[in-house]
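The primary structure of each chain is shown beneath.
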Amino acid sequence: MSMNNPEDAKLVTLATSTLARSGAAQAAALRDTTGRTYVAVNVSSPSLNLDAFEAVLTVALASGITGIESVVACGSKPANKNAIKDFAPTATIFYIDSSGNTNAL
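Residues numbered from 1 in each chain as written. Predicted model: local features only at pLDDT ≥ 70, side-chain atom pairs only at ≥ 80, totals over all residues. Heavy atoms only, no water.

Q: Mind showing me how you'd approach the overall build of the protein chain here?
A: Helix and strand content of the protein chain: 3 helices and 7 strands. Beginning at the N terminus, the succession of helices and strands in the protein chain can be written as α-β-β-β-β-α-β-α-β-β. For the protein chain, the C-alpha radius of gyration of 12 Å lies close to 13 Å, the compact-globule estimate for 105 residues. By principal-axis analysis of the C-alpha atoms, the protein chain measures approximately 40 × 35 × 20 Å. The buried share of the protein chain, reckoned over its 105 residues, is 39%. Long-range pairs, those at least 24 residues apart, make up 48% of the contacts in the protein chain with a sequence separation of at least 6. For the protein chain, the separation between the mean place of its 7 positive charges and that of its 8 negative charges on side chains is 2 Å. (Helix = DSSP H or I, 4+ residues; strand = E, 2+ residues; numbered from the N terminus. Rg over C-alpha atoms; globule rule 2.2 N^0.38 Å. Buried < 20%, exposed > 50% of the residue type's maximum accessible area, 1.4 Å probe, protein only. Contact = heavy atoms within 4.5 Å. Lys, Arg positive; Asp, Glu negative; His and termini not counted. Charge placed at Lys NZ, Arg CZ, Asp CG, Glu CD.)

Here you go:
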């Protein structure tokens, strides 16, 4: 699977560098419909658990987004892609596996 939008390669860089820097299990990068980008990692605590898709959506929504173009995740595969699809059914979602392969979700 290849990405059709060259802007998605920037999301890959953001997600993979965030994962490497944070040491988290997952990272995700999101581009909204105005071109702004957001990154987040999974959150795991005794009282709150968010996968990377849920976390990056939360950050983006807190900033007032009205739409999503694309999201890229890496690390362990986030389980809740519906967090993105329910908000933006036409958003492209990609997962970069541990071998560097790109998979559309």
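Q: In this structure, what is going on with the pattern of salt bridges? I would like to understand it.
A: Side chains that carry opposite charge are capable of pairing whenever their charged atoms lie near each other. Under the criterion given, the structure shown has 4 salt bridges. The salt bridge involving Arg31 is made with Asp8; its shortest N-O contact spans 2.9 Å. With a gap of 23 residues between them, Arg31 in strand S1 (residues 26-32) and Asp8 in helix H1 (residues 7-22) connect regions that are remote in the sequence. Here Arg31 falls in the buried class, since its relative accessible area comes to 4%. Its relative accessible area of 2% is what places Asp8 among the buried residues. (Salt bridge = Lys/Arg side-chain N within 4 Å of Asp/Glu carboxyl O.)

Q: When you look at the environment of Leu19 in this model, what are you seeing that I'm missing?
A: Looking at the element boundaries, Leu19 is found in helix H1. The sequence separation of Leu19 and Val41 amounts to 22 residues, and the corresponding C-alpha distance is 7.2 Å. Every residue in contact with Leu19, bar those within four places of it in the chain, is listed here: Ala24, Ala25, Gln26, Ala27, Cys74 and Gly75.

Taken by themselves, the reported measurements are silent on function.
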